Structure formats: C-alpha cells, structure tokens
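If you want the building blocks of each chain, they are given just below.
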Amino acid sequence: MNLRLRNLAPFSFDHNMMYFLGADALGRSMIARLIIGTQNTMFIAASAVLLSMTFGGVLGLMSGYFGGKVGNFIMRLADVIMSFPSLLLAVIVLYMFDPGLINLVMVLAFTRMPIYMRTARAEVLEIRERLFVAAAVSMGASHLRIIFKHIAPLTIPTLITIATLDFAFVMLGESALSFLGVGIQPPEVTWGLMVAQGRNYLQIAWWLAFFPGLMIMLVALSLNLLSSWLRIVLDPIQRWRLEDIGDKNE
Amino acid sequence: MQITGKNNSISEKIKRIYSMFLNDKLALISIIFLIFILIIAIFGPS
C-alpha cells in the first residue's frame, strides 16, 4: 500500500512491477489484489460446486434408484429450491445471517443442487433398467453397492460436465452477490467486490473495475469452452470427432 | 481395451487426451489459462 500511488494508471514502468496494472483508490497494487481475489473466488466457486455436486448427485441417485415416495420427496425438494430465484434467496439468507465465506459457499451450493439432482435422477432412471444392473440384483448385491459401484460411475461423467459449466455460473453468482454488497466483505476481496468498488471510480480510474471484470469474463469463457470439449470427450458416440484428427497427426 | 487392441497405460491415455486437446485449440488454450489461474490461487502469496 502506497498512498502516493493512489489511482495510479496501469502499464507504467516507473514503479515496482507489482504496480504494472495500476493501483486502487488507497494505493494498493491491482496485481496483488487480483491474486488474492483469485484465491477467494476460486475457493468459493470450487467449494460450492463440489458440495452441490456431491449432495445433489447422491440425492439424485437415490431418487432415481428407489423411486416411489423417496424419489418423489427428493424431486419435490428440488422443485421447491428451483421455485425461488437463486440470487434472491442468496441475498435474503446472506442479509439475515453473517455474509461470511462459509455462509456464501453454503447458499451457493444449496441453490445449485437441483440441477445435479435432476440430471442424476434422469440418468439413473435409464441405467437401472440395463442388464448389468439386473445381473447385480440377481447376484444379491445390496442397494448401496448397486448405486455406488454400478450406477454412479456411469453418471459421474455427465455430472462433471455440468459441474464445469456450473463453476462459471457459481463464480458469476458470487461476483453478483459481492457486487450487491451481501457477499464477501472488505478487507477480504473477490473479483466481484473489486468490480463493485471500482464502480465509483469508472469516470476517473477505469482499470479498477476493468481488470477484475476481464478476469471474470476470461475464466467464465474458458470454463464454457472446456465444458464443451468435455461434453464431446465423455460421450462415447461423439468422441471420434476429436480422436480422428488426433490420430492423423501422430 | 483388449477389444480395440489399444494400449491402456497411463502414458497412452495422456497421449490420447493431448491429441484430443490438439484437435480443439480453444479448449487447449482454456485449460492452460485455467491451470495458470489455479497455480496463482494455490501457490500465490496470501
């Protein structure tokens, strides 16, 4: 922090390399803040996606496999969660409770769970009718063994593809919450919070909001492209589109 | 992988994944960028 360098313009070689992307209104290096923001943003997004994929996936597996009252109850639970606008729910919960890191992760994970529940259930409904599942049942395998040993491995690739895409959604959701002031609170920093703080200085210091916004955009774009690649790679019917040319290159 | 006659060792799998990345340059750039971001997040100063 150097108060002499308040709102220092970017791409200047006159100072330390840490000030190459400029400084904010308190003279703090933009590069340092972006790095710390990366840590917080990635931690929140990764934790929320992992939690929602695990719990949503398991609930979806159980719902699809057992069906009946258990399946219906889990699906109605998913409907209830989906019926609230996720951002509004997050705003209300974070406004009522302490807007800390853990609460933010929990809220984001909770609001993203229905996607995994529905996808896992849809996959299981198809897989449970296959012969190898019938064979496992006839061999006397327990329900848990059938679900986690025989059915889950076939649903995981689909869930991973969705998780990659969801990572970008969660990141944008966290940025939106921080932007609205109910996400991470200063002195902690995330990319969304940096955009929110830079909004007041857009006329005189565009770089305060531009660089974190650019990072959000680039990571979201990369995750979308990667999920598109993963979707093809994990689909045995379409995989040849990527394998074919690769073999010719060898 | 005995049916297709392909070697299923880890190095072969990595080669296959790499060749699939080569066929989709945008995905390759994306994964390099994301790994860079992850390295910053994990090993960067706190």
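Residues numbered from 1 in each chain as written. Chains lettered and ligands numbered in written order. Predicted model: local features only at pLDDT ≥ 70, side-chain atom pairs only at ≥ 80, totals over all residues. Heavy atoms only, no water.

What chain B contains, in helices and strands, is two helices and zero strands. When each of the 46 residues of chain B is scored for burial, the buried share is 24%. Total accessible area computed for chain B in this model is approximately 3500 Å², and 71% of it derives from carbon and sulfur atoms. (Helix = DSSP H or I, 4+ residues; strand = E, 2+ residues; numbered from the N terminus. Buried < 20%, exposed > 50% of the residue type's maximum accessible area, 1.4 Å probe, protein only. Areas by Shrake-Rupley, 256 points an atom, 1.4 Å probe, with all protein chains shown as cover.)

What follows deals with the pattern of salt bridges. Residue and element names in this part refer to chain A. Counted according to the given criterion, the structure contains five salt bridges over all chains. Of the charged contacts, one joins R76 and D79 as a salt bridge, the two residues approaching to 3.0 Å between their closest N and O atoms. Taken together, the positions of R76 and D79, both in helix α2 (residues 68-83) and three residues apart, correspond to about one turn of that helix. A salt bridge links R112 to D166; its shortest N-O distance comes to 2.7 Å. Of the two residues, R112 is situated in helix α4 (residues 101-127) and D166 in helix α6 (residues 143-180); the sequence distance between them amounts to 54 residues. You'll find R112 and D166 in the same group, each marked buried. (Salt bridge = Lys/Arg side-chain N within 4 Å of Asp/Glu carboxyl O.)

Attention now moves to the interface of chain A and chain B. Accessible area lost when the parts come together is the quantity often used to give the size of an interface. With 21 residues of chain A in contact, the opposing surface of chain B contributes 20 residues. Both sides of the chain A and chain B interface together cover about 1900 Å² of buried area, and 72% of this is carbon and sulfur. Seen at the junction of chain A and chain B, the total is one residue pair in polar contact (both at pLDDT 80 or more). Sorting the residues of the side of chain A that touches chain B by element identifies α1 (30-66), α8 (207-233) and α9 (240-249) of chain A as the ones contributing at least two each. Looking at the side of chain A that touches chain B, the element that brings in the most residues is α8 of chain A, giving nine residues. Here the residues of the side of chain A that touches chain B are counted per class, giving 13 nonpolar, four polar and four charged. (Contact = heavy atoms within 4.5 Å. Buried area = accessible area lost by both parts, 1.4 Å probe. Polar contact = N/O pair within 3.5 Å; in protein donor to acceptor, adjacent residues only side chain to side chain. Nonpolar A, V, L, I, M, F, W, Y, C, P; charged D, E, K, R; others polar.)

This brings us to the confidence of the model for chain A. The pLDDT averaged across chain A works out to 84; a share of 95% of its residues lies at or above 70. Averaged over each element, pLDDT in chain A is lowest for α9 of chain A (62) and highest for α1 of chain A (90). (pLDDT = per-residue confidence, 0-100.)

What follows covers the packing of aromatic side chains. Residue and element names in this part refer to chain A. Under the definition given, this model contains six aromatic pairs over all chains. Their ring planes at 80 degrees and their centres at 5.2 Å tell us that Y65 and F66 sit as a pair that is edge-to-face. The exposure class assigned to Y65 is buried, which follows from its relative accessible area of 14%. In this structure F66 comes out as partly exposed when scored by relative accessible area, which is 38%. Ring geometry for W206 versus F211: centroids 6.1 Å apart, planes at 45 degrees, classification tilted. (Phe/Tyr/Trp six-rings, centres within 6.5 Å; stacked < 30°, edge-to-face > 60°.)

Residues and elements named next belong to chain A. Among the eight residues in helix α7 (residues 191-198), six count as buried, and that is most of the element. Taken as a whole, α7 has its buried residues at W191, G192, L193, M194, A196 and G198. Buried residues along α7 sit in contact with α1, α6 and α8.

All names here are of chain A. Residue placement: T111 occurs in helix α4. The buried category is assigned to T111, whose relative accessible area is 12%. At a separation of 3.0 Å, a polar atom in the side chain of T111 contacts the main-chain carbonyl oxygen of L108. With near-sequence residues (within four places) excluded, T111 lies in contact with I81, S86 and L89.

A few words on the nonpolar core. Judged by nonpolar contacts, the single largest core of 52 residues is most densely connected at M42, W191, V219 and W229 of chain A. Mapped onto this core, the elements with two or more residues apiece are α1, α3 (86-96), α4, α6, α7 and α8 of chain A together with α1 (10-22) and α2 (25-43) of chain B. The dominant element in this core, judged by the number of residues it contributes, is α8 of chain A, at 13 residues. Not counting residues within four places of it along the chain, the set of residues in contact with V219 of chain A comprises M42, M171 and W191 of chain A together with F33, L34 and I37 of chain B. (Core = buried A, V, L, I, M, F, W, Y, C linked by side-chain atoms within 4.5 Å.)

A few words now on the confidence of the model for chain B. In the predicted model, chain B carries a mean pLDDT of 80, and 85% of its residues have values of at least 70. For this predicted complex, the interface confidence reaches an ipTM of 0.79, while the overall pTM sits at 0.80.

With that out of the way, let us pick up the side chain of S29 of chain A. Residue and element names in this part refer to chain A. Tracing the sequence through the fold places S29 in the segment before α1. A polar atom in the side chain of S29 sits 3.3 Å from the backbone nitrogen of I31. Excluding residues that lie within four positions of it along the chain, S29 makes contacts with M18, Y19 and G22.

Attention now goes to α6 of chain A. Compared with the 56 Å implied by 1.5 Å per residue over 38 residues, the 45 Å span of α6 of chain A between its first and last C-alpha is markedly short. Where α6 of chain A terminates, the next one or two residues include G181 of chain A, which has phi positive at roughly 95 degrees. (Expected span 1.5 Å × (residues − 1).)

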